[in-house]
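Okay, here's what each chain looks like letter by letter:
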Protein chains: 4
Amino acid sequence: MAGSSLGTIYRITSWGETHGKGVGVVVDGCPAGLSLSEEDIQVYLDRRKPGQSRFTTKRKEGDQVEILSGVFEGRTTGTPISLVVYNKDQKSKDYSEIANVYRPGHADYTFDRKYGFRDYRGGGRSSGRETIARTAAGAIAAKVLKEMGIEVYAYTRSIGPVTVDPDLFDPSIRDQNALYMPDEKAAREAEAYLDQKIKEMDSSGGVVECIISGMPVGVGEPVFDKLSSSLGKAILSIGAVKGFEIGDGFAAAQSVGSVNNDAFVMTCGSSESVNKEASEITEESEDSANKEADERKAGHVVKKTNHAGGILGGMSDGSDIIFRAAFKPTPSIARKQETVTRDGENAEIEIHGRHDPIIVPRAVVVVETMAAVTLLDLLLVNMSSRLDRVKEFYHKNE
Amino acid sequence: MAGSSLGTIYRITSWGETHGKGVGVVVDGCPAGLSLSEEDIQVYLDRRKPGQSRFTTKRKEGDQVEILSGVFEGRTTGTPISLVVYNKDQKSKDYSEIANVYRPGHADYTFDRKYGFRDYRGGGRSSGRETIARTAAGAIAAKVLKEMGIEVYAYTRSIGPVTVDPDLFDPSIRDQNALYMPDEKAAREAEAYLDQKIKEMDSSGGVVECIISGMPVGVGEPVFDKLSSSLGKAILSIGAVKGFEIGDGFAAAQSVGSVNNDAFVMTCGSSESVNKEASEITEESEDSANKEADERKAGHVVKKTNHAGGILGGMSDGSDIIFRAAFKPTPSIARKQETVTRDGENAEIEIHGRHDPIIVPRAVVVVETMAAVTLLDLLLVNMSSRLDRVKEFYHKNE
Amino acid sequence: MAGSSLGTIYRITSWGETHGKGVGVVVDGCPAGLSLSEEDIQVYLDRRKPGQSRFTTKRKEGDQVEILSGVFEGRTTGTPISLVVYNKDQKSKDYSEIANVYRPGHADYTFDRKYGFRDYRGGGRSSGRETIARTAAGAIAAKVLKEMGIEVYAYTRSIGPVTVDPDLFDPSIRDQNALYMPDEKAAREAEAYLDQKIKEMDSSGGVVECIISGMPVGVGEPVFDKLSSSLGKAILSIGAVKGFEIGDGFAAAQSVGSVNNDAFVMTCGSSESVNKEASEITEESEDSANKEADERKAGHVVKKTNHAGGILGGMSDGSDIIFRAAFKPTPSIARKQETVTRDGENAEIEIHGRHDPIIVPRAVVVVETMAAVTLLDLLLVNMSSRLDRVKEFYHKNE
Amino acid sequence: MAGSSLGTIYRITSWGETHGKGVGVVVDGCPAGLSLSEEDIQVYLDRRKPGQSRFTTKRKEGDQVEILSGVFEGRTTGTPISLVVYNKDQKSKDYSEIANVYRPGHADYTFDRKYGFRDYRGGGRSSGRETIARTAAGAIAAKVLKEMGIEVYAYTRSIGPVTVDPDLFDPSIRDQNALYMPDEKAAREAEAYLDQKIKEMDSSGGVVECIISGMPVGVGEPVFDKLSSSLGKAILSIGAVKGFEIGDGFAAAQSVGSVNNDAFVMTCGSSESVNKEASEITEESEDSANKEADERKAGHVVKKTNHAGGILGGMSDGSDIIFRAAFKPTPSIARKQETVTRDGENAEIEIHGRHDPIIVPRAVVVVETMAAVTLLDLLLVNMSSRLDRVKEFYHKNE
């Protein structure tokens, strides 16, 4: 396993290099019957497409996705969905100078040491273009989630020193600026900061935050495949991500239990309305109501705060799931840098060409889709957690 | 898959609850021929044992590990190693009050919702006692790593607001205080802070840092099973961990490329000495030297700084691997907290009994061993990365 | 992965050696809420226990199973179920002579070559005692299946040249003879045959057949994880199994399509009753009936014959699933055999001690339980095959 | 996991339908540095191509494979190799009649029941065209094996009642007849038999045998991932395979231990030459010789017979690995058959169009390549079986 697959039931397998013929992904385990078109996927890919502003690379890839299998008459068939985006714009010569020199902050050196040689035309598998596969696979997952009432929303929370102001945060305006910052003031400041970095032939890091609403309670497995650890793996596997936190994250390490613990409460007027609802149900169907009764009540449990970020014991707790990912600055900078050659000589390098001064805006959709892949997989795994539900499922569907 | 297994080749399967008969782990895929005794594992378990200071619970578990299989005449046989720690001190009545009430910050509510009911005697699988399985499995991994020249060292970096001073950091003194802080001054301050928290019937969070030295270059798989994402998953699967970062982590998000990029350089006198070394080798054995030549040179590549934390493109880069984990405050506090009952009534709870005001010191060894499990697994997976090495391996060993 | 785990959702991990401390298994992914006691498992283990007749070894192991985790107040909790059978009767000296000699037909030689040495006290992991783990894990699976209306029934179909007569086959009498042959006449002949083999210091092979009734249609995944290939892997992983076939199996290779194809027909009076049933449903609830209508009708499809053995395209087709496993003769025989020593000298060996002249009768329950493990796993995996059912599941259980 | 992936380290993921855009496979975990061209794969695909004789379908697919990723400058890079064969000849109308009728012996009915609907244009995923993915992925594995000195050779052993005569068996002439039978006399008889079946609008089953030479000893994992069970799963996952046996297989069930056990012997003059060889080595390099000494001797162990088919205890034993697969007759026959419609009506069907009267000849290469995939995967997994070899590997390659 060279680690190009992720997931247990909803399982994706990524392939392709930045300067090869294309990039693609095979999605295995997507439930049958989902209405799916290339357009459903394309809208996600367009969000990570380069060439959309002065902060993204000038490569004019069409990045048109093609569905090669797994969809018949507009619906998924339950069999593997193969997606491909052919590379159109392959100026390999742009990269010829770096064949023999290790770019600082890139995977050139580690690739050479692991495999004995590397595809030196750009980053190969370590290129940002590999995220096309993730985004395409996650677009499908996100569509399934949407049908289940689950929304995954990511945005640029900070760029360098500029952070979205919680008071100005307006999710609906995220896509109105090239930085995907849902706060126009912060966006303008960040743009100014990035212009400065470009001038300095430098680059910037940033933070993406992701908010998931509508998750059923109890999704995630209690030990190694926690919702938190699974999300962590998925997000930390995105190139350039150096940190991941759930809820209060690192701030929780400086907090105290009496603050960090989220109190449980019944929703306003809950015990009454729950009883009422339960009794109504009882009139309709005595025994199914009984067995579901305390669960229904439990359904009205809420947390007064959400320091936990929607996950308790590795399982979703019904609150919004909130996590953040820290992205390092783009390593490709035009400034002169010290490095070494493949032959073991000290050298200097200036990386010109088409590179974003910041990865974060284009990574927003990647975070969103990788989260969707993880959530859907754990939702499907979770279906067998209770014997009564398994029995009912097969009783009903036989 | 209820997610109780982790790893591809070195694969561990954890079982057991805090108030059941015991906790154990099956280690599958440990290479044959490792000298292994119960004592090798016990020294790690003793580091997480409760009852060692006023900051850890009063439970006096012996926590004696027993090897049930996989070792013959003092050496591992290559077959699964089954380890068990029987529970000795099961005061279930301590917990009887919580059967019907959801403790804030705990997994009681999510367990009930996922499975329909739960083992209400303590945290069940979500208890800190589950980490016995991780520690035992990781102790074996750590021994293998040691034989390969790889050291994994974790320590308490901060407790609440108190952080180890880099200038006073002395790894050798870590075990001289109950908090596993390798800085005596910080340890004393942290103790005072914790005494205050105990007085306030409160608890504290903290940060563990882990440093790995001696890793070969190129370990980790480039896409989903990166060294960083695999470590992230392993560490984020430890209960109470809310954040994970590699190298500069979240600070990198505020940095710029010209600072964050680590320059490569040849080690002092390198290009000469490399050439010399290469030629000496040539004299001994012409053709093996040739095929290894540029690799040897590459072997002397180092990074001038280590903002990356030893990982580039998801693969080890030869520098120390450095990561940090943020732990939330212990959720069990004696202070009165709002919550709800299983039956959907608002309620209050005070959690008395045996609880640490801080999880971090006992978690240090858990972080260390989970890292060891991950590193060893990826080292074994990495053995098949190059065809020439695979062929040489079988040619030699046939 | 040293391959000691099997399954995706219902996943079992086996450990232990014949002359170590014991043999055990961890069952991960068993749905919560199953009523489970040690007795439920013990009845299966008792069927494979040695010392029950003159055809099974004289070892008087109690083989008492103990549940160490995953069950609370008599029900499974959804967390891993750890089972152990401690070894009681460890006469290692019986085996001391074979430490340096490779027994023909055994794994001694291959173990030594793979791992560099072996636990020479008996077969180690290759011993028949390893099947305790399989049987215990499968007993739980079989109980779940029973609750879903699925029965798994295996029996001794042939011993050497003696085969059960289809006309005399009576499943209810299987357990009335030590050979588990559901045909008294064949059982008596087989006993005579085995007595002869014992006299000749020889052993016999045989065939186990397994019949599964009540399986829902559509279980099994269409490509690599077919129901047939998954059953094949599980059964071929039992020591001494050298062949596996589904339905007509090898006989199908000599057949023709017009015979081997199983015609589909609607069950007697079906189209009418189906229509009637469908219309009744329509009266109750218009739109759910519509969407389920053709499925209901399809539910009355049956095959006129069952050459396919209940599997079409790798998925269950609603007919009984029928497969057979061929077991080689017990390799341990008292007769003098040629072999070599660990030091590379030619040698002779006579294997005395406690060995069955036939493996098959004790293997019947192993086949049955391994089938149960496989069926349950694929049933759980299958729950996410259709989006409408996934949505309905979460809608209903939220 | 919809089961479209197979393998642990060398892992293949298959996608595509017979009447979709194409069929493809992603190969993850192929070691870097293998010289690989499309031609290497094409020669295998050409062996399963239709339209080559009167016994294979008339579809004139070019079946040209394209490598989309994972190969750079003619060598594998260690990253996933994506292969695609686009469908050229899609006469969907040929199949329009079967949209609403279940073909006996096909997966139409089970697909509909599992997924709610199906791609009714041909067999979809259950079509023989899916084996393009297997063959392409296995061609790469076979090339790696060849470089390691391992040959995988499959052939048509029987067609209906006609079986290759062991005395006339000549592996070198296999490809000289359209049936891939390495016995000209049997081939002519089988052709006559098939002509008769075509005349009768019927079809035939058959048996493929596979022989693997040059395998190192000790490959395969001792419990669930035995070499035998892994091969069994891979082969039984090929559509139409109903039986699998290793070595003597089902015949072993009728045999006795004294016959079925394969005696071990040292090769001719072995103990002397082994000693001599060992001492020579000792002169060169004392300590490496010592540690390898008894292994070298063991290297000269051979079995006098091979009833075991090259596998003992689930691991390769150094003899040729021999297995057989039973294929059912092609289910598509022109003769009138009873069946039912999707709407639950009894019906009749005649399947005209392009169908082979026998699957076996085209399946020979599929068996061969699926075996190659399995062997290579287990060879790579096996590299970590011994600690001394792991340490030496990293010591040498660091």
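Residues numbered from 1 in each chain as written. Chains lettered and ligands numbered in written order. Predicted model: local features only at pLDDT ≥ 70, side-chain atom pairs only at ≥ 80, totals over all residues. Heavy atoms only, no water.

**Student:** Could you clarify how one ought to interpret the overall build of chain A in this entry?
**Tutor:** Along chain A, the regular secondary structure elements total 10 helices and 18 strands. Buried positions account for 68% of the 398 residues belonging to chain A. A separation of at least 24 residues holds for 71% of the contacts in chain A among residues at least 6 apart in sequence. Surface accessibility of chain A: about 12500 Å² in total, with carbon and sulfur atoms responsible for 48%. (Helix = DSSP H or I, 4+ residues; strand = E, 2+ residues; numbered from the N terminus. Buried < 20%, exposed > 50% of the residue type's maximum accessible area, 1.4 Å probe, protein only. Contact = heavy atoms within 4.5 Å. Areas by Shrake-Rupley, 256 points an atom, 1.4 Å probe, with all protein chains shown as cover.)

**Student:** What exactly am I supposed to notice about the pattern of salt bridges here?
**Tutor:** If you walk through the whole model with that rule in mind, you get 116 salt bridges over all chains. Where D112 of chain B meets R118 of chain B, a salt bridge forms, and the shortest distance between an N and an O atom there is 3.5 Å. Residue classification places R118 of chain B among the buried positions, given a relative accessible area of 6%. The shortest N-O distance in the salt bridge between R121 of chain D and D119 of chain D comes to 2.7 Å. Comparing R121 of chain D with D119 of chain D, the two get one shared label, buried. Three or more residues are tied together by salt bridges with common partners; here these are R103, D108, D112, R118 and R342 of chain A. (Salt bridge = Lys/Arg side-chain N within 4 Å of Asp/Glu carboxyl O.)

**Student:** How do you make sense of the interface of chain A and chain B when you look at a structure like this?
**Tutor:** Many descriptions give the size of an interface as the accessible area lost when the pieces come together. At the junction of the two partners, chain A supplies 114 residues and chain B supplies 114 residues. Across the chain A/chain B interface, buried area totals approximately 9100 Å², and carbon plus sulfur atoms make up 59% of it. Contact with chain B buries area across many residues of chain A, yet K114, F224 and K242 of chain A alone supply 10% of it, more than any other trio. At the boundary of chain A with chain B, the tally comes to six salt bridges. (Buried area = accessible area lost by both parts, 1.4 Å probe.)

**Student:** Where do I start with the interface of chain A and chain D in this structure?
**Tutor:** Contact residues are listed per partner, giving 47 residues for chain A and 47 residues for chain D. Where chain A abuts chain D, roughly 3600 Å² becomes buried across the two surfaces, and 58% of that area is made up of carbon and sulfur atoms. In this assembly, chain A and chain D are joined by four salt bridges. The shortest N-O distance in the salt bridge between K21 of chain A and E66 of chain D comes to 3.3 Å. Linking chain A with chain D are 15 residue pairs in polar contact (both at pLDDT 80 or more), by the criterion used here. (Polar contact = N/O pair within 3.5 Å; in protein donor to acceptor, adjacent residues only side chain to side chain.)

**Student:** Can you help me understand unusual backbone geometry in this one?
**Tutor:** Most peptide bonds are trans, and most residues other than glycine sit at a negative phi. The backbone of Y180 of chain C shows a phi angle near 55°, a positive value even though the residue is not glycine. On the secondary structure map, Y180 of chain C appears in the loop between strand 9 (162–163) and helix 4 (184–199). Positive phi, normally seen in glycine, also occurs at A240 of chain D, with a value near 80°. In this fold, A240 of chain D is placed in the loop between helix 5 (227–236) and strand 11 (241–246). Assessed through its relative accessible area of 16%, A240 of chain D is described here as buried.

**Student:** Looking at this structure, I do not really get the pairing of strand 3 (residues 22–28) of chain D. What am I missing?
**Tutor:** Regular strands have side chains that alternate between both faces of the sheet. Residue and element names in this part refer to chain D. Most of strand 3 is tucked away, with seven of its seven residues classed as buried. Covered by surrounding structure in strand 3 are G22, G24, V26 and D28 together with V23, V25 and V27, the residues of both alternating faces. With six bridges connecting them, strand 2 (residues 11–16) and strand 3 associate as antiparallel partners. Paired with I12 across the two strands is V27, which belongs to strand 3. Hairpin geometry of strand 2 and strand 3 is characterised by an intervening segment of five residues between the two adjacent antiparallel strands. (Pairing = 2+ DSSP bridges.)

**Student:** Can you help me understand the packing of aromatic side chains in this one?
**Tutor:** Given two aromatic rings, their pairing is described by the distance between the two centres and the angle made by the two planes. Going through the model one piece at a time under the given rule, you end up with 42 aromatic pairs over all chains. Considering the side-chain rings of Y120 of chain B and F72 of chain C, the 5.0 Å spacing of their centres and the 85° angle between planes classify their relative orientation as edge-to-face. One end of the pair, Y120 of chain B, is in the loop between helix 2 (108–115) and helix 3 (131–147); the other, F72 of chain C, is in strand 5 (residues 71–72), on a second chain. The exposure class of Y120 of chain B is partly exposed, given its relative accessible area of 24%. When its relative accessible area of 6% is taken as the criterion, F72 of chain C is described as buried. (Phe/Tyr/Trp six-rings, centres within 6.5 Å; stacked < 30°, edge-to-face > 60°.)

**Student:** Please explain the relation of the copies chain A and chain D as it appears in this structure.
**Tutor:** Turning one copy of the chain about an axis and sliding it along that axis gives the other copy, so a rotation and a shift relate them. With an axial shift of 0.0 Å and an RMSD of 0.0 Å, the rotation relating chain A to chain D amounts to 180°. Read as a symmetry element, the transformation amounts to a two-fold axis. Comparing interface residues between copies, 100% of those in chain A also sit at the interface in chain D, which points to an isologous, same-surface contact. (Least-squares fit on C-alpha atoms with pLDDT ≥ 70 in both.)

**Student:** So what exactly am I meant to see when it comes to the packing of helix 10 (residues 387–397) of chain B against helix 10 (residues 387–397) of chain D here?
**Tutor:** In a pair of packed helices, the angle between the axes and the distance between the axes together describe the arrangement. Orientation of helix 10 of chain B relative to helix 10 of chain D, taken along the N-to-C sense of each, is 130°, at an axis distance of 12 Å. The pairing of helix 10 of chain B with helix 10 of chain D is recorded here as oblique in orientation. Seen from above, helix 10 of chain B lies across helix 10 of chain D with right-handed handedness. Contact with helix 10 of chain B, carried on its side by R389, E392, F393, K396 and N397 of chain B, involves R389, E392, F393, K396 and N397 of chain D of helix 10 of chain D and no other residues of that element. Across the contact of helix 10 of chain B with helix 10 of chain D, the residue classes tally to two nonpolar, two polar and six charged. (Axes fitted to C-alpha atoms, helices over the stretch in contact; angles between N-to-C directions. Parallel < 35°, antiparallel > 145°, perpendicular 65-115°, else oblique. Left-handed = near helix turned anticlockwise from the far one by under 90°. Nonpolar A, V, L, I, M, F, W, Y, C, P; charged D, E, K, R; others polar.)

**Student:** Would you explain the sheet that holds strand 7 (residues 81–86) of chain C in this entry?
**Tutor:** Paired through their backbone hydrogen bonds, the strands of a sheet run either parallel or antiparallel. All names here are of chain C. With antiparallel pairing, five strands are arranged side by side in an open sheet as 1-2-3-7-4. Lying at the two open borders of the sheet, with one neighbouring strand each, are strand 1 (5–6) and strand 4 (65–67). Strand direction decides the pairing type here: strand 4 and strand 7, joined by three bridges, are antiparallel. Pairing of E66 across the sheet is with V84, part of strand 7. The strands touched by helix 1 (residues 38–48) are strand 4 and strand 7; relative to strand 4, the strand with the most contacts, the crossing angle is about 155°. Along the sheet face, helix 3 (residues 131–147) touches strand 2 (11–16), strand 3 (22–28) and strand 7 and points at about 35° away from the line of strand 3.

**Student:** Looking at this model, I keep getting lost on the environment of G62 of chain C. Mind explaining?
**Tutor:** All names here are of chain C. As for its position among the elements, G62 is in the loop between helix 1 and strand 4. Considered as a pair, G62 and L45 are 17 residues apart in the sequence and their alpha carbons are 9.9 Å apart. Residues contacting G62, with those up to four places away along its chain left out, are Q42 and K49.

**Student:** Help me understand the sheet that holds strand 4 (residues 65–67) of chain B, please; the structure alone is not making it clear to me.
**Tutor:** All names here are of chain B. With antiparallel pairing, five strands are arranged side by side in an open sheet as 1-2-3-7-4. Sheet topology places strand 1 (5–6) and strand 4 at the edges, where each strand pairs with a single neighbour. Strand contacts of helix 3: strand 2 (11–16), strand 3 (22–28) and strand 7 (81–86), with the helix running at about 35° to strand 3, the strand carrying the most contacts.

**Student:** Help me understand the relation of the copies chain A and chain B in this model?
**Tutor:** Each copy of the sequence occupies a distinct position, and chain A is placed on chain B by a rotation of 180° and an axial shift of 0.0 Å, giving an RMSD of 0.0 Å. Residue by residue, 100% of the interface of chain A is reproduced at the interface of chain B, so both copies engage with the same surface.

**Student:** Where do I start with helix 9 (residues 360–381) of chain B in this structure?
**Tutor:** Within an α-helix, residues lying three or four positions from one another point in the same direction, as the helix has 3.6 residues per turn. The first and last C-alpha atoms of helix 9 of chain B sit 31 Å apart over 22 residues, in line with the 32 Å expected at 1.5 Å per residue. With 22 of its 22 residues buried, helix 9 of chain B lies for the most part within the structure. (Expected span 1.5 Å × (residues − 1).)

**Student:** Looking at this structure, I do not really get the pairing of strand 7 of chain C. What am I missing?
**Tutor:** All names here are of chain C. Within strand 7, five of the six residues are buried, leaving the element largely enclosed by the surrounding structure. The sheet contact formed by strand 3 and strand 7 spans six bridges and is antiparallel. Note on strand 7: the bridge partner recorded for V23 is V85.

**Student:** Got a minute to help me understand the environment of E189 of chain B in this structure?
**Tutor:** Tracing the backbone through its elements, the reader meets E189 of chain B in helix 4 (residues 184–199). In the structure, E189 of chain B is positioned 30 residues away from I159 of chain B in sequence and 9.3 Å away in space, judged by C-alpha atoms.

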